[in-house]
Amino acid sequence: MPDSTHNLTALKSRLLEIRHLKDAAALLSWDQETYMPAGGGQTRAEQIATLQTLAHAKFVSPETEDLLLHHIDPATGLANADADGLDDASKALLRETWRDFSRAKKLPSDFVNRLERECSLAQQVWAEARRRNDFMHFLPNLQNVIALKVEEVGHVGYDGSPYDALLDTYEPGATLAQLQPLFASLRHGLLELLRHVREAAQPDDRILFQAYEEQQQIAFGKLVLHGMGYDFNRGRLDLSAHPFTTAFHPTDVRVTTRVFEKDLPSCLFSCIHEGGHGLYDQGLPQEHYGTPLGESLSLGIHESQSRLWENNVGRSKAFWTHFLPLLRQYFPAQLGTVSLDAFHAALNKVNPSLIRVEADEVTYNLHIMVRFDIELALIEQRVPVKDLPGLWREKMQEYLGIVPERDADGVLQDVHWSLGALGYFPTYTLGNLYASMFFQQALQDIPGLEIEIQRGHLLSLKAWLNHNIHQCGRQYSATDLLHRITGQTLSVEPFLLYLRTKIGDIYGFTSTQ
């Protein structure tokens with residue numbers, strides 16, 4: 001037992017050093033997207049690549065492997081007999097570290113350096129290309145990123161589709177074979193709901209697109225974040241081209257938003273969405289920082305937190321019962337005479353649109369399916385990168401019935417591919433499915449939760465999420481965590497029922513139609 005404890009302590013110490021290197025790289029990336037001068041891009045790419053390469057080399061070193069092999073059976077990836085004296089949390093730490101190690105060891109350090117450098121450069125070129133509406137400016141960098149991700153698949157290996165090798169990075173254990181029937185069922189339900197919506201009278205949402213002073217929008221966003229329990233002593237809110245959340249430690253979690261004068265929902269829901277991510281990161285157990293037990297479980301689970309706050313809470317009538325009177329104080333001329341019902345209906349209007357992050361709840365997942373289809377074709381090398389603008393327009397027409405006139409509103413709108421995040425987009429849809437199931441359970445577990453939300457009291461929900469999800473880190477798989485909380489397996493039906501009920505009420509048709 002003393003040897004087991006000593007080896008585990010040594011492993012944790014090593015993992016902490018690696019975490020520090022990665023967090024330093026993450027801080028440089030955050031600065032790159034917020035405050036870095038435009039001329040600093042080339043050097044910043046080198047700095048980030050150096051830190052990530054050092055972290056990778058230290059992680060896959062023989063010393064790390066020796067520490068792991070004291071406790072792990074490499075044939076199964078599970079704790080061996082020498083770890084019998086350890087508690088379940090420690091065994092989970094070893095299991096998850098071995099999983100990460102086994103994958104990372106397959107990636108040569110030279111490859112990691114090339115990938116990190118290219119993605120850092122590509123992100124900067126993407127931002128300029130999007131500003132200029134110039135896909136050809138971004139094409140060479142995107143071709144390099146895609147080629148590197150295909151190379152990564154070759155290093156990692158796979159059993160089913162090559163896409164599985166990348167999907168597993170973000171949603172451990174998920175496979176294409178599991179996703180495709182799930183997405184097909186969801187797509188059918190969404191298109192059926194969209195058909196009913198198109199046949200109904202549409203809410204008037206013009207009130208949301210008047211002139212709203214930008215600093216007042218940001219001030220209200222901060223007020224809502226405070227109400228959610230986001231701790232500004234351990235976080236901050238900044239502006240970026242594409243809203244995101246970065247966490248260096250539970251005591252340093254940073255969210256960003258973007259703001260447009262004549263688009264009230266954009267800044268507001270970016271704040272709420274990223275605030276959901278921020279609450280997860282602030283709620284992770286500090287005592288396990290540096291180890292998998294101090295990390296979020298998966299991107300699907302992470303996204304469930306942002307979508308739960310943004311949609312199940314932030315687009316609910318209960319939420320606006322409290323917050324609409326406060327918003328009127330910021331914008332009395334625009335909203336002074338607007339009723340709660342009219343405002344709630346405007347916020348939940350279903351209207352196929354070009355921009356994913358501003359899509360309504362019914363069409364949002366169709367945006368994800370557009371991206372899912374395209375990146376699957378890229379990784380399976382069935383389509384050349386240069387054809388993406390045309391393919392994007394085809395898929396938008398197929399799923400949403402609209403076509404972007406500008407690539408800035410189409411294939412260039414998301415930052416993810418420039419960052420090498422292929423296999424990432426499906427986690428957004430998984431997050432929506434998890435969110436509905438978690439929120440329904442919270443309504444059962446917290447007496448009077450809806451009344452609490454009507455009063456602006458959101459901290460009981462935050463505490464429930466902290467206890468049931470955030471504090472668990474990566475101790476359980478996503479499947480196990482969902483079952484522990486809800487007693488169920490992942491299904492599209494709770495999400496579809498939630499949408500049918502909510503949208504049916506606004507549009508005047510029954511949820512069973």
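Our subject is the structure listed above.
Residues numbered from 1 in each chain as written. Predicted model: local features only at pLDDT ≥ 70, side-chain atom pairs only at ≥ 80, totals over all residues. Heavy atoms only, no water.

1. A few points about the overall build of the protein chain
When you go through the protein chain residue by residue, the secondary structure sums to 21 helices and 5 strands. Along the three orthogonal principal directions, the C-alpha set of the protein chain runs to about 70 × 55 × 45 Å. Counting across all 513 residues of the protein chain, residues that qualify as buried make up 57%. Put simply, of all contacts in the protein chain between residues at least 6 apart along the chain, 73% involve residues at least 24 apart. When the accessible surface of the protein chain is totalled, it reaches about 20,600 Å², and 51% of it is carbon and sulfur. Between the mean site of the 46 positive side-chain charges and the mean site of the 64 negative ones, the protein chain shows a separation of 3 Å. (Helix = DSSP H or I, 4+ residues; strand = E, 2+ residues; numbered from the N terminus. Buried < 20%, exposed > 50% of the residue type's maximum accessible area, 1.4 Å probe, protein only. Contact = heavy atoms within 4.5 Å. Areas by Shrake-Rupley, 256 points an atom, 1.4 Å probe, with all protein chains shown as cover. Lys, Arg positive; Asp, Glu negative; His and termini not counted. Charge placed at Lys NZ, Arg CZ, Asp CG, Glu CD.)

2. Structural notes on the pairing of strand β5 (residues 252-257)
For β5, the tally of buried residues reaches 5 of 6 residues, placing the bulk of the element in the interior. Alignment of strand β3 (residues 235-239) against β5, held across 5 bridges, turns out to be parallel. Note on β5: the bridge partner recorded for Gly 235 is Val 253. When strand β4 (residues 245-249) meets β5, the two strands line up antiparallel, connected through 4 bridges. If you follow Thr 246 over to β5, its bridge partner there is Arg 254. (Pairing = 2+ DSSP bridges.)

3. Re the packing of aromatic side chains
Tallied over the entire structure, the rule returns 20 aromatic pairs. On the numbers, 5.1 Å between centres and 80 degrees between planes, the contact of Phe 319 with Trp 320 is edge-to-face. Overall, Phe 319 belongs to the buried group, its relative accessible area being 1%. Trp 320 gets classed as buried once you look at its relative accessible area, which sits at 0%. Here the aromatic residues Tyr 170, Tyr 364, Trp 392, Trp 417, Tyr 424, Phe 425 and Tyr 428 are joined through ring pairs into a cluster of three or more. The ring of Trp 30 carries the charged tip of Arg 254 above its face, separated from the ring centre by 4.5 Å. (Phe/Tyr/Trp six-rings, centres within 6.5 Å; stacked < 30°, edge-to-face > 60°. Lys NZ or Arg CZ within 6 Å of the ring centre and 35° of its normal.)

4. Some points on the packing of helix α11 (residues 299-313) against helix α17 (residues 426-445)
Packing of α11 against α17 brings their axes to within 7 Å, and their N-to-C directions diverge by 60 degrees. In terms of axis orientation, α11 runs oblique to α17. The hand of the α11/α17 crossing is right-handed. In this structure, α11 contributes Leu 299, Gly 300, Ile 301, Glu 303, Ser 304, Gln 305, Arg 307, Leu 308, Asn 311, Asn 312 and Val 313 to the contact, and α17 contributes Thr 427, Tyr 428, Leu 430, Gly 431, Asn 432, Tyr 434, Ala 435, Ser 436, Phe 438 and Phe 439. Across the contact of α11 with α17, the residue classes tally to 10 nonpolar, 9 polar and 2 charged. (Axes fitted to C-alpha atoms, helices over the stretch in contact; angles between N-to-C directions. Parallel < 35°, antiparallel > 145°, perpendicular 65-115°, else oblique. Left-handed = near helix turned anticlockwise from the far one by under 90°. Nonpolar A, V, L, I, M, F, W, Y, C, P; charged D, E, K, R; others polar.)

5. Regarding the environment of Phe 209
Relative to the elements of secondary structure, Phe 209 occurs in the loop between α8 (176-198) and α9 (214-228). Under the relative-accessibility criterion, Phe 209 is labelled partly exposed at 37%. In this structure, the C-alpha to C-alpha distance between Phe 209 and Glu 261, residues 52 residues apart in sequence, is 8.2 Å. Contact partners of Phe 209, with chain neighbours within four places excluded, come to Lys 262, Asp 263 and Pro 265.

6. Some words on the side chain of Glu 96
As for its position among the elements, Glu 96 is in helix α4 (residues 88-105). Of the residues examined, Glu 96 reaches a relative accessible area of 11% and is grouped as buried. In this structure, Glu 96 is in contact with Pro 292 and Arg 474, ignoring residues within four places of it in sequence.

7. Let's talk about the side chain of Asn 432
In this structure, Asn 432 sits in helix α17. By relative accessible area, which is 4% here, Asn 432 ends up buried. Those residues within four positions of Asn 432 in sequence are excluded, and the remaining contacts are Arg 307, Asn 311, Tyr 364, Asn 365 and Phe 495.

8. Describing the state of the cysteines
Tallied over the full model, the rule gives 0 disulfides. Cys 271 takes part in no disulfide bond, and the closest cysteine sulfur to it belongs to Cys 267, at a distance of 4.1 Å. (Disulfide = S-S within 2.5 Å.)

9. Focus: the sheet that holds β3
Ordered in space as β3-β5-β4, the 3 strands form an open sheet in which the pairing is mixed. The open sheet has two edge strands with one neighbour each: β3 and β4. Each adjacent strand pair in this sheet contributes to an overall mean axis angle of 20 degrees, direction not counted. Strand contacts of helix α10 (residues 264-283): β3, β4 and β5, with the helix running at about 165 degrees to β5, the strand carrying the most contacts.

10. Re the pattern of salt bridges
Applying the stated criterion across every chain, the model contains 40 salt bridges. Across the pair Arg 195 and Glu 199 runs a salt bridge, and its minimum N-O distance is 3.2 Å. For Glu 310, the salt bridge is made with Arg 307, and the minimal N-O distance between the two is 3.1 Å. One end of the pair is Glu 310 and the other is Arg 307, both in helix α11 and 3 residues apart, which spans about a single turn. Judged by its relative accessible area of 3%, Glu 310 falls in the buried class. (Salt bridge = Lys/Arg side-chain N within 4 Å of Asp/Glu carboxyl O.)

11. Some points on the packing of α9 against α10
Two quantities define a packed helix pair, namely the angle between the helix axes and the distance between the axes. At their nearest, the axes of α9 and α10 sit 9 Å apart, and the two run at 30 degrees to each other. On the basis of their axis angle, the class for α9 and α10 is roughly parallel. The way α9 lies across α10 gives a crossing that is right-handed. Residue-level contacts link Gln 217, Ile 218, Phe 220, Gly 221, Val 224, Leu 225 and Met 228 of α9 to Leu 264, Cys 267, Leu 268, Cys 271, Ile 272, Gly 275, Gly 276 and Leu 279 of α10. Of the residues contributing to the contact of α9 with α10, the split by class is 11 nonpolar, 4 polar and no charged.

12. What to know about unusual backbone geometry
Unlike most non-glycine residues, Asn 133 shows phi in positive territory, near 55 degrees. With respect to the helices, strands and loops of the structure, Asn 133 is situated in the loop between α5 (109-132) and α6 (135-156). A positive phi angle is found at Gln 381, which is not glycine, with a value near 55 degrees. Among the structural elements, Gln 381 can be located in the loop between α15 (361-379) and α16 (388-400).

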